[in-house]
Amino acid sequence: MATLADKPPPGQGWLYEVKWDGYRLAIHVEQGRVKAITRGGYDWTRRFGSIVAEARQLGHASMILDGEAVVLDDRGRSDFGLLQRALGKRPSLHDSGEVLLMAFDLLYLDGRDLRLLPLSERRRLLEPIVAGRTGAIRFSEEVDADGAEFFRVACEHGLEGIIAKRRDKPYHSGRRPEWLKIKCARRDTFAIVGYEASSIPGAIGRLLLAAMKAGDLVYVGGCGTGWSNQESVALRELLNAIPADKPAVALKRKGAFFARPLLVADVEYRAWTQDGKLRHPSFKGVREMEGPSDVFEINRDA
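Now for a look at the structure at hand.

Conventions we followed
Residues numbered from 1 in each chain as written. Predicted model: local features only at pLDDT ≥ 70, side-chain atom pairs only at ≥ 80, totals over all residues. Heavy atoms only, no water. Helix = DSSP H or I, 4+ residues; strand = E, 2+ residues; numbered from the N terminus. Buried < 20%, exposed > 50% of the residue type's maximum accessible area, 1.4 Å probe, protein only. Contact = heavy atoms within 4.5 Å. Polar contact = N/O pair within 3.5 Å; in protein donor to acceptor, adjacent residues only side chain to side chain.

## As for the environment of L126
Consideration 1: Along the chain, the position of L126 falls in helix 3 (residues 119–130).
Consideration 2: Residue class for L126 comes out buried when judged on its relative accessible area of 0%.
Consideration 3: Discounting residues that sit within four places of it in the chain, L126 has contacts with L65, A103, F104, D105, L106 and F139.

In structure tokens, the structure reads:
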């Protein structure tokens, strides 16, 4: 996983890519069988049928692709909200067949573990397998540009940010400094620990959010924008179904409803306040929590 950085790194030896906004997936191919495994280790093969079907056609007996499952908007930008709706049960303008895998790494190929190879060599092996494809699996292209200039242009075009990777490094699990993410606006996932009601009947006024700190959830403020009235009512129904006996964080709020921290909210925000709260947060989506690593960790990602 990439480490958050404030700006592109100086010096040579870095590869730059678009930061895709979706679900991280490892696609395992072995003797015709294909599995789509999430970052949290869950088998989501059935959710990504078009990607799984195309993986069978890549011409190799065994492989592990690393990439991001995305849905692109009409300007070619990945949109997490569109992805959620495409994979959801509710009617949507997008269906699961529009979900793409932007493949950016190759960890295993035809019986050979590639993780100790430098990134440049892994991508040299990956490129002929997926480059030029126009179906459900595509190549996450390297951008040949100065990092600072690429970041500026990416932000001007409304992208979430960029990724910088050391060309000469092997592949390691976990959050490492060899991969950096530089965001145009900060965007992370926070545990939903409750809500405050809206003046609109059945809707939510503010979501109550928490981050991880030293192994515990801590309150980081409320978010009151970013959803439609329909989404707000649906959110309230989801949270009402998982009430908490007591708050998951140290928070006393008159009239608040507290829920078990089983869902995470994808939130865009500008910065942190001096007292550790999110500045100008805006809701972008919600999903089930796969594990503690889904929740932003203070003093790790900041």
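Still more to cover.
## Some words on the side chain of E178
Consideration 1: Inspection of the secondary structure puts E178 in strand 10 (residues 176–183).
Consideration 2: Among the polar contacts listed, one links the side chain of E178 to the side chain of R176, at a separation of 3.3 Å.
Consideration 3: Every residue in contact with E178, bar those within four places of it in the chain, is listed here: W14, A164, K165, R166, K169 and H172.

## Details of helix 2 (residues 80–87)
Consideration 1: In terms of residue burial, helix 2 counts as a mostly covered element, since seven of its eight residues are buried.
Consideration 2: Three or more residues of helix 2 are buried, namely F80, G81, L82, L83, Q84, A86 and L87.
Consideration 3: Looking at the buried residues of helix 2, the elements they touch are strand 3 (23–30), strand 5 (62–70), strand 11 (186–197), strand 15 (263–269) and strand 18 (282–288).
Consideration 4: For helix 2, the capping residue at the N-terminal end is D79, with a side-chain oxygen 3.0 Å from the backbone nitrogen of L82.

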